[in-house]
Amino acid sequence: MLSAHKVSAGFYMTDTAFIEIQDLHFTRGDHEIFRGVNMSIPRGRVTAIMGPSGTGKTTLLKLIGGQLTPDSGRILIDGQDVNRLSRKALFKLRQRMGMLFQSGALFSDLDVFENVAFPLRVHTNLPDAMVRDIVLLKLQAVGLRGARELMPSELSGGMARRVALARAVSLDPELILYDEPFVGQDPISMGVLVQLIKRLNQALELTSVVVSHDIKETLSIADYLYLIADGEVVAHGTPQMLDTHQDPRVEQFMHGQPDGPVPFHYPAQPFYDDILNHDATTRIG
Amino acid sequence: MDANFSDILARVTRLGRKGSDLLEALGRAGLFLGQSAISVPSREGWRLWMQQMHFVGVLSLAIVLVSGLFIGMVISLQGYTILVEFGAEEALGQMVALSLLRELAPVVAALLFAGRAGSALTAEIGLMKATEQLSSMEMIGVDPLRRVVAPRLWAGFVSLPILTVGFSVVGVWGGYLVGVQWLGVFEGSYWSNMQASVTFLNDVGNGMVKSLVFAVVVTWIAVFQGYDLVPTSEGISRATTRTVVYSSLAVLGLDFVLTAVMFGGL
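Residues numbered from 1 in each chain as written. Chains lettered and ligands numbered in written order. Predicted model: local features only at pLDDT ≥ 70, side-chain atom pairs only at ≥ 80, totals over all residues. Heavy atoms only, no water.

A.B. asks: A description of the overall build of chain A should follow, citing residues and the corresponding values.
C.D. replies: Of regular secondary structure, chain A possesses 11 helices and 10 strands. Relative to its 285 residues, chain A shows a buried fraction of 46%. Sequence-distant contacts in chain A: of pairs separated by 6 or more residues, those separated by 24 or more amount to 62%. Approximately 14400 Å² of chain A is accessible, and the part contributed by carbon and sulfur atoms is 53%. (Helix = DSSP H or I, 4+ residues; strand = E, 2+ residues; numbered from the N terminus. Buried < 20%, exposed > 50% of the residue type's maximum accessible area, 1.4 Å probe, protein only. Contact = heavy atoms within 4.5 Å. Areas by Shrake-Rupley, 256 points an atom, 1.4 Å probe, with all protein chains shown as cover.)

Quick look at the structure:
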């Protein structure tokens, strides 16, 4: 049945979508980041959003979380328009989400244990003994139960991200947004993280959105992929569909080729002109 | 002629844009104050407020009290050298008390508070913003305006008037040390002159009103500058400087206005 849907509608039917992004436009300063993005993120699956650096992947997560307001278009989470919610309702909705920030964004005045306990303490009335059990379970899952008394300043970047993941799942949210979860991880914790994201998704039936440009790891866990470039969705489909995609931009990205339609260089005048024909007093040619 | 006209037009446009930017910033700051200061305190809110009272109030105590002591001593010394020429050194207590209660305690305590606590508030909140702690708090479903900003605002509102009282008390005592103990003014006249001339409502009350106004303005500026800054190291350093500069100017300017209304018969 599922495969029939895949064939007929590209992927799952939209009525199973947890997040629906419709005709999203967003501009920062003079730079147009999104021009008409449409996405449908299925419930209970791992959806990866990939694309070259600077295409606004993190911005997209912030738009989904309601931290930024689009110029036009709608973002529906479980049927609720994020930008039409009152401040109170938005904070209520966010309790159902977890977000893993690229930097970890741990609270620097709290130790590891209290960071993970924070969502439980503010949103539940659980007794201390139960909070302790839940926190230790989450820390055990990310392999940092022994680091519970360390302060965030004593952690490495990779460890901080794992603590942040434990914090993001401490309330067992329905949706988790991962912002570049694999950056800066050593091979062992990378493998653990990949497994963890997959397991969390399967065991708790979470909806996961992973923003990343680590192709190998992302392909291994994603059920569905969106590739964005130049403010638009360039391609979307299952990992197999994208791996064999004919579009040269998709091919270039998926296989990490330096030459292709997506330029490696930031727009500039020709290198030859820049080197030879310049005024010695200025930095600009 | 044409070039001149377009030049003027460009200047008017720039001026207009600056004006609208200023109004927008004021609007943002007003909304910010409204959204954060007006919230029902929870039990957790009380705990956070007490914590901030310690950082903002108790830790500012030393600098405020020491400054109060020296300022009281200096007014007493300066006042004595002038009053003694007219044989009016008995009025020293009155002079020390009135200048402290009406002007120096509210103003100097607010300036010290801006430098000691205001700059720290800006830097702390700014760094929380730069390291995405405020964003992550939002995504956990906790409003940073209520959790981070409100306790700091209320701690500032409450602690500066208390610090001002401390400043006045220590200042009067400093004046006593220099005037009575050192320069030999009669102790009875120092205190009785003070008692006879200082009125509670007019002098103590007005001084406290000033202090309360300064507390709101200084804390508001400090916390808003931290929350609204550009999240880079340069942005934090600029915002911290702005906090001290804006707070000092606002305190001195408002002091003149308040004095004119309270004592100038406006």
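Back to the text.
A.B. asks: Can you tell me about the interface of chain A and chain B, naming the residues and giving the values?
C.D. replies: The interface of chain A with chain B comprises 21 residues on the first partner and 16 residues on the second. Roughly 1700 Å² is buried in total at the junction of chain A and chain B, and carbon and sulfur atoms are behind 58% of that figure. In this structure, the connection of chain A to chain B is made through two salt bridges. Between K62 of chain A and E132 of chain B there is a salt bridge; the shortest N-O distance is 3.7 Å. In this structure, the connection of chain A to chain B is made through eight residue pairs in polar contact (both at pLDDT 80 or more). Of all elements in the fold, only α3 (87-94), β6 (97-100) and α4 (112-123) of chain A reach the threshold of two or more residues within the side of chain A that touches chain B. (Buried area = accessible area lost by both parts, 1.4 Å probe. Salt bridge = Lys/Arg side-chain N within 4 Å of Asp/Glu carboxyl O. Polar contact = N/O pair within 3.5 Å; in protein donor to acceptor, adjacent residues only side chain to side chain.)

A.B. asks: So, empty space enclosed by the protein: which residues are in play, and what are the values?
C.D. replies: Counted according to the given criterion, the structure contains two cavities of 30 Å³ or more. In this structure, the largest cavity encloses a volume near 140 Å³. Of all the elements in the fold, those that place two or more residues in the lining of the largest cavity are β6 and α6 (157-168) of chain A together with α5 (133-140) of chain B. Classifying every residue of the lining of the largest cavity gives 11 nonpolar, five polar and two charged. (1 Å grid on protein atoms, 1.4 Å probe; cavity = no way out; pocket = protein on both sides within 12 Å on 5 of 7 lines; lining within 4 Å. Points joined across faces, edges and corners; volume = space filled by probe spheres on them. Nonpolar A, V, L, I, M, F, W, Y, C, P; charged D, E, K, R; others polar.)

A.B. asks: Give me the lowdown on the pairing of strand β3 (residues 46-50) of chain A, citing residues and values where you can.
C.D. replies: Residue and element names in this part refer to chain A. Among the five residues that make up β3, five are buried, leaving the element largely enclosed by the rest of the structure. Side chains V46, A48 and M50 project from β3 onto one buried face, and the interleaved T47 and I49 project onto a second face that is buried too. Across five bridges, β3 lies against strand β8 (residues 207-212) in parallel orientation. Looking across to β8, one finds that I49 is bridged to V211. One ladder, built from four bridges, connects β3 with strand β9 (residues 224-229); its direction is parallel. From the neighbouring strand, T47 faces β9, where its bridge partner is Y224. (Pairing = 2+ DSSP bridges.)

A.B. asks: Which residues make up the packing of α4 of chain A against helix α5 (residues 128-141) of chain A, and what are the values?
C.D. replies: All names here are of chain A. Closest axis-to-axis distance for the α4/α5 pair is 9 Å, and the angle between their directions is 120°. On the basis of the axis angle, α4 is oblique to α5. The way α4 lies across α5 gives a crossing that is right-handed. Note on element contacts: α5 touches α4 through D128, V131, R132, I134, V135, L136, K138 and L139, opposite V112, F113, V116, A117, L120 and R121. Its residues placed into classes, the contact of α4 with α5 shows 10 nonpolar, no polar and four charged. (Axes fitted to C-alpha atoms, helices over the stretch in contact; angles between N-to-C directions. Parallel < 35°, antiparallel > 145°, perpendicular 65-115°, else oblique. Left-handed = near helix turned anticlockwise from the far one by under 90°.)

A.B. asks: Outline the side chain of T55 of chain A, listing residues and values.
C.D. replies: All names here are of chain A. Along the polypeptide, T55 turns up in the loop between β3 and α2 (57-64). A polar contact of 2.6 Å, which involves the side chain of T55, links it to the backbone oxygen of P52. Every residue in contact with T55, bar those within four places of it in the chain, is listed here: I33, F34, I228, A229 and D230.

A.B. asks: Before we move on, could you go through the pattern of salt bridges and cite the residues and values that matter?
C.D. replies: Pairing between side chains of opposite charge can happen when the charged atoms of each approach one another. All names here are of chain A. Inspection of every chain in the model, using the stated rule, returns 21 salt bridges over all chains. Between R96 and E174 there is a salt bridge, with the nearest N and O atoms lying 2.7 Å from each other. With R96 in the loop between α3 and β6 and E174 in the loop between α6 and β7 (175-179), this residue pair connects regions lying 78 residues apart in the sequence. Owing to a relative accessible area of 32%, E174 belongs among the partly exposed residues under this scheme.

A.B. asks: Describe a nonpolar patch on the surface, listing the residues and the values that go with them.
C.D. replies: All names here are of chain A. Together, F271, Y272, I275 and L276 give the surface a local cluster of nonpolar side chains, amounting to about 510 Å² of exposed area. Tracing the chain through its elements places F271 in helix α11 (residues 271-276). Under the relative-accessibility criterion, F271 is labelled exposed at 65%. (Patch = residues over 30% accessible without salt bridge, like charges linked within 9 Å, V, L, I, M, F, W, Y side chains within 5 Å.)

A.B. asks: I'd like a description of the confidence of the model for chain B, backed by residues and values.
C.D. replies: With 98% of its residues at a pLDDT of 70 or more, chain B has an overall mean of 92. Across the assembled chains, the prediction reports ipTM 0.79 with pTM 0.83. (pLDDT = per-residue confidence, 0-100.)

A.B. asks: Please set out the sheet that holds strand β2 (residues 31-42) of chain A residue by residue, giving values where relevant.
C.D. replies: All names here are of chain A. Reading across the sheet, the four strands line up as β2-β1-β4-β5 and stay open at both edges, with antiparallel pairing between neighbours. Of all strands in the sheet, those bounded by a partner on one side alone are β2 and β5 (80-81). Relative to β5, strand β4 (residues 72-77) runs antiparallel, the two sharing two bridges. The partner of L76 across the bridge, within β5, is D81. Packing of α2 onto the sheet brings it into contact with β1 (17-28), β2 and β4, and relative to β1 it is tilted by some 120°.

A.B. asks: Tell me what's going on with unusual backbone geometry, and back it up with residues and numbers.
C.D. replies: A positive phi angle, close to 50°, is found at D78 of chain A, a residue other than glycine. Locating D78 of chain A in the fold gives a position in the loop between β4 and β5. Take D78 of chain A: its relative accessible area is 29%, and that puts it in the partly exposed class. At E132 of chain B, a residue that is not glycine, the phi angle is positive and equals roughly 65°. Here E132 of chain B is to be found in the loop between α4 (92-130) and α5. In this structure E132 of chain B comes out as buried when scored by relative accessible area, which is 18%.

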